[in-house]
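Structural features, examined
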Amino acid sequence: MECDVLVIGCGPAGLSAAGYAARAGYNTLAIDSLAPGGQLLYIDEIENYPGTGKTSGYALAESFEKQAVSFGVRVEFWGAESIRKEGNQFIVKTNDDEVHAKAVIFASGARHRHLGCPGEEEYQGKGVSYCATCDGPFFKGRKIAVVGGGDTALTDALYLSKLGSEVHIIHRRTEFRGQKVLQDRVNEKDNIFLHLGLTVDEIRGDGKGVKSVRLSDGSELAVDAIFIFVGIIPNSELLEGFAELDHGFVITDNHMRTSVPGLFAAGDVRTTPFRQVVTAAGDGAAAAHSADEYIQNL
Ligand code: NAP
């Protein structure tokens, strides 16, 4: 099928981009192999998206989709399998139809790397979290474990130390990968405790929430929540060899332009320092605006 703008990925970035493109008068198709919403679907409660108050990730995802559809976006459950450009036309093969588009907005998101230990999946949303800004405020005055030794683990441990009574950083090596300045700040905090050279073997709970973690030395640490920051994996496999990537993240400029004219990227899949629903939605709007400019100049 033919369209003006093809959006790949229907999380907040993709649905925002699609809505803006359709509202600007473009025939817009948004595809996702999974249900629209992206990582929103894994967020139990969200309270920091401007204007909505406390809501569920699912409800917010639904309203993103409804709004996009109301602007004329066609949403399809199609997975993109390959992408190429012939002249000024993008050709994207999906598991359903072949799509020809003037511009493509790539908003396929990223997935958090998981530990893969027992209890991790069971307690997701019940004390197991991958986002301090999203879930930290639910654990005010409680004991919190943080896993990882990179910048995210250190930055978010510092943030969580302002909320929790104790923060226990568990890192598999005895040296941190994160910046020295962050390590110094962590060391200065009275309520951050380090458990180095250890991994989490199991997350235990009472069925309703996390109660403790069992470490690789056999010890058990009583905590109410565990925040896992062991890196994220961008869903950018489709663009390998097609657009420039940095450790898998799509390189963009401030206008969401990639190395391929007419291909834009938005949200968690692109190189960006802050990954939130609101920043993804903002990226989507900017990408649609840039796609508009690009198509007008074709
Ligand atoms: P990262 O730098 O890849 O660090 C991931 C951490 O998780 C590493 O310490 C790694 O251990 C550990 N890890 C990986 N797999 C694990 C496993 N299976 N079990 C236990 N531990 C595991 O990821 P990130 O911290 O999310 O940072 C991603 C990028 O964003 C980086 O480029 C970072 O500089 C940037 N960032 C910057 C800032 C800032 O500037 N303030 C803030 C956040 C993120 P090892 O060290 O042993 O490999």
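Preceding this paragraph is the structure being described.
A short tour of the structure in this document, coming up. From a predicted model like this one, the values you see are computed outputs, not experimental measurements. (Residues numbered from 1 in each chain as written. Predicted model: local features only at pLDDT ≥ 70, side-chain atom pairs only at ≥ 80, totals over all residues. Heavy atoms only, no water.)

This next bit is on helix α1 (residues 12-23). Given a rise of 1.5 Å per residue, twelve residues ought to cover 16 Å, and the 16 Å separating the end C-alpha atoms of α1 matches this to within 8%. Of all twelve residues in α1, ten are buried, a share of seventy percent or more. When we look at burial in α1, the residues that qualify are P12, A13, G14, L15, S16, A17, A18, G19, A21 and A22. At its buried positions, α1 is contacted by β1 (2-8), β2 (28-31), α2 (57-70), β6 (98-106) and α6 (277-296). The positive-phi residue at the C-terminal boundary of α1 is G25, with phi of around 100°. (Helix = DSSP H or I, 4+ residues; strand = E, 2+ residues; numbered from the N terminus. Expected span 1.5 Å × (residues − 1). Buried < 20%, exposed > 50% of the residue type's maximum accessible area, 1.4 Å probe, protein only. Contact = heavy atoms within 4.5 Å.)

Let us now look at the site of the ligand. For the ligand, the set of nearby residues contains 15 residues, the closest of which are D151, T152, R172, R173 and R177. The contact in question runs from an oxygen atom of the ligand to an N or O atom on the side chain of T152, over 2.7 Å. One of the side-chain N or O atoms of R172 is found 2.9 Å from an oxygen atom in the ligand. In the complex, the protein chains occlude 64% of the 920 Å² of accessible area that the ligand would expose alone. Of the residues assigned to the shell around the ligand, the class counts are three nonpolar, seven polar and five charged. (Near = heavy atom within 4 Å. Polar contact = N/O pair within 3.5 Å; in protein donor to acceptor, adjacent residues only side chain to side chain. Areas by Shrake-Rupley, 256 points an atom, 1.4 Å probe, with all protein chains shown as cover. Nonpolar A, V, L, I, M, F, W, Y, C, P; charged D, E, K, R; others polar.)

It is worth spelling out the pattern of salt bridges at this point. In total, this model carries twelve salt bridges according to the counting rule given. The partner of R257 in a salt bridge is D253, and the shortest N-O contact between them spans 2.8 Å. Judged by its relative accessible area of 40%, R257 is partly exposed. For D253, a relative accessible area of 28% gives the class partly exposed. (Salt bridge = Lys/Arg side-chain N within 4 Å of Asp/Glu carboxyl O.)

Time to look at the environment of H100. With respect to the helices, strands and loops of the structure, H100 is situated in strand β6. A C-alpha to C-alpha distance of 30 Å links H100 and R275, two positions 175 residues apart in sequence. In this structure H100 touches M1, E2, C3, Q89, F90 and I91, once residues within four positions along its chain are discounted.

Strand order across the open sheet formed by five strands is β8-β15-β9-β10-β11, with parallel pairing between neighbours. If you trace the sheet from one side to the other, it starts and ends with β8 (128-129) and β11 (192-196), each paired once. In this sheet, β11 lies alongside strand β10 (residues 166-171) in parallel orientation, the contact comprising five bridges. Bridge pairing links I170 to H195 in β11. (Pairing = 2+ DSSP bridges.)

Moving on to the state of the cysteines. Inspection of every chain in the model, using the stated rule, returns one disulfide. Residue pairing for C131: its cysteine sulfur links by disulfide to C134, the two sulfurs lying 2.0 Å apart. When the S-S torsion is 70°, as for the bridge of C131 with C134, the disulfide is right-handed. The pair formed by C131 and C134 is uniform in burial state, with each residue classed as buried. Unpaired in this structure, C3 has its nearest cysteine sulfur neighbour in C10, at a distance of 12 Å. Assessed through its relative accessible area of 4%, C3 is described here as buried. Take C117: it sits in no disulfide, and the sulfur closest to it among the cysteines is that of C131, at 19 Å. (Disulfide = S-S within 2.5 Å.)

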